[in-house]
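Listed here are the chains, written in short residue letters.
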Amino acid sequence: MPSIYDEIKKDHDHHRALLKTIADTTGASDARKKAWAEFYNDVKAHGAAEEETFYSKLMTKTWGQDAARHSVEEHAEIDDLLEELNGMDMSSPGWLNKFNTLAHDYNHHIDEEEEDIFKRAKEVIDSSEIDGYGERFLSRKKKELTLVDDKLNDHLED
């Protein structure tokens, strides 16, 4: 049975690689577009699934309430940046500047989760309480991906 911590970390590692790919490409190249679409879709689905599974569990613990609220606020800020970037011309200097802000903020967020929140969560949430949450996370993320794909398709058709 997958661990919620391992599944979230696996996504984070994938997101780090996509951020690097995007940063290493130029303009509106096919490679950048492909990496951006994958990053956009996966981060949106990841965030929603993480909030519904991991952060909802963290909220049940006194210590976890503030940490979960802080992370959910960061998710909202990242989501705003994702939407701004999605509506901009990828070959413009403004896009790259905004992307660099997103990359910095997202890396800060995931580093904080892995280094601080996971460590504390493991101390306050008994493993028996969170067994099965990795599966819940994966299932919810899969569902969220279909919702994100539908939203992206609607956006592209406008």
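The rules behind the values
- Residues numbered from 1 in each chain as written.
- Predicted model: local features only at pLDDT ≥ 70, side-chain atom pairs only at ≥ 80, totals over all residues.
- Heavy atoms only, no water.
- Helix = DSSP H or I, 4+ residues; strand = E, 2+ residues; numbered from the N terminus.
- Expected span 1.5 Å × (residues − 1).
- Buried < 20%, exposed > 50% of the residue type's maximum accessible area, 1.4 Å probe, protein only.
- Arc of directions from axis to C-beta.
- Polar contact = N/O pair within 3.5 Å; in protein donor to acceptor, adjacent residues only side chain to side chain.
- Axes fitted to C-alpha atoms, helices over the stretch in contact; angles between N-to-C directions.
- Parallel < 35°, antiparallel > 145°, perpendicular 65-115°, else oblique.
- Left-handed = near helix turned anticlockwise from the far one by under 90°.
- Contact = heavy atoms within 4.5 Å.
- Nonpolar A, V, L, I, M, F, W, Y, C, P; charged D, E, K, R; others polar.
- Phe/Tyr/Trp six-rings, centres within 6.5 Å; stacked < 30°, edge-to-face > 60°.
- Lys NZ or Arg CZ within 6 Å of the ring centre and 35° of its normal.
- Salt bridge = Lys/Arg side-chain N within 4 Å of Asp/Glu carboxyl O.

Draft legend 1. Structural view of helix α1 (residues 4-24). The terminal C-alpha atoms of α1, which comprises 21 residues, lie 30 Å apart, in line with the 30 Å expected from a rise of 1.5 Å per residue. Those residues of α1 not exposed but buried are Ile4, Tyr5, Glu7, Ile8, Asp11, His12, His15, Leu18, Leu19 and Ile22. The buried residues of α1 occupy an angular sector of 160° when the element is viewed end-on, so they sit on one face. Turned more than 90 degrees off the buried face of α1, the exposed positions are Asp6, Lys10, Lys20 and Asp24. If you check the start of α1, you find a side-chain oxygen 3.1 Å away from the backbone N of tyrosine 5, and it comes from serine 3.

Draft legend 2. Structural context of the packing of α1 against helix α4 (residues 93-124). Where α1 meets α4, the axes come as close as 11 Å, and the angle between the chain directions of the two elements is 160°. With respect to their mutual orientation, α1 and α4 come out roughly antiparallel. Like other packed secondary-structure pairs, α1 and α4 cross with a definite hand, here left-handed. Every residue of α4 that contacts α1 at Tyr5, Ile8, Lys9, His12, His15, Arg16, Leu19, Ile22 and Ala23 is listed here: Trp95, Phe99, Ala103, Tyr106, Asn107, Ile110, Asp111, Glu113, Glu114, Phe118, Ala121 and Lys122. The residue makeup of the contact of α1 with α4, split by class, is 12 nonpolar, three polar and six charged.

Draft legend 3. Quick look at the packing of aromatic side chains. Per the counting criterion, the structure on display carries nine aromatic pairs. Counting every residue linked through ring pairs, the aromatic cluster contains Trp36, Phe39, Tyr40, Trp95, Phe99 and Tyr106. One residue, lysine 122, lies across the ring of tyrosine 5, its end atom 4.8 Å from the ring centre. Sitting over the ring of tyrosine 133, arginine 136 keeps its end group 4.4 Å from the ring centre.

Draft legend 4. How the structure looks around the packing of α1 against helix α2 (residues 30-58). Two elements in contact, α1 and α2, have axes whose closest approach is 10 Å; the angle formed by their N-to-C orientations is 155°. Judged on the interaxial angle alone, α2 and α1 are roughly antiparallel. α1 and α2 meet at a crossing whose hand is left-handed. Residue-level contacts link Ile4, Tyr5, Ile8, Asp11, His12, His14, His15, Leu18, Leu19, Thr21, Ile22 and Ala23 of α1 to Arg32, Ala35, Trp36, Glu38, Phe39, Asp42, Val43, His46, Glu50, Thr53 and Phe54 of α2.

Draft legend 5. The pattern of salt bridges, seen in detail. Tallying each qualifying case throughout the model produces 17 salt bridges. Here lysine 9 ties to aspartate 13 by a salt bridge, and the two come within 2.8 Å at their closest N and O atoms. Of this pair, lysine 9 and aspartate 13 both sit in helix α1, separated by four residues, roughly a single helical turn. Taking relative accessible area as the criterion, lysine 9 reaches 32% and is therefore assigned partly exposed. The class of aspartate 13 is partly exposed, set by a relative accessible area of 36%. Across the pair lysine 98 and glutamate 84 runs a salt bridge, and its minimum N-O distance is 2.8 Å. Of the two residues, lysine 98 sits in helix α4 while glutamate 84 sits in helix α3 (residues 62-86), which places them 14 residues apart along the sequence. Judged by relative accessible area, which is 24%, lysine 98 ranks as partly exposed. Linked through salt bridges whose partners overlap, the residues forming this network are Lys9, Asp13, Arg16, Asp111 and Glu114.

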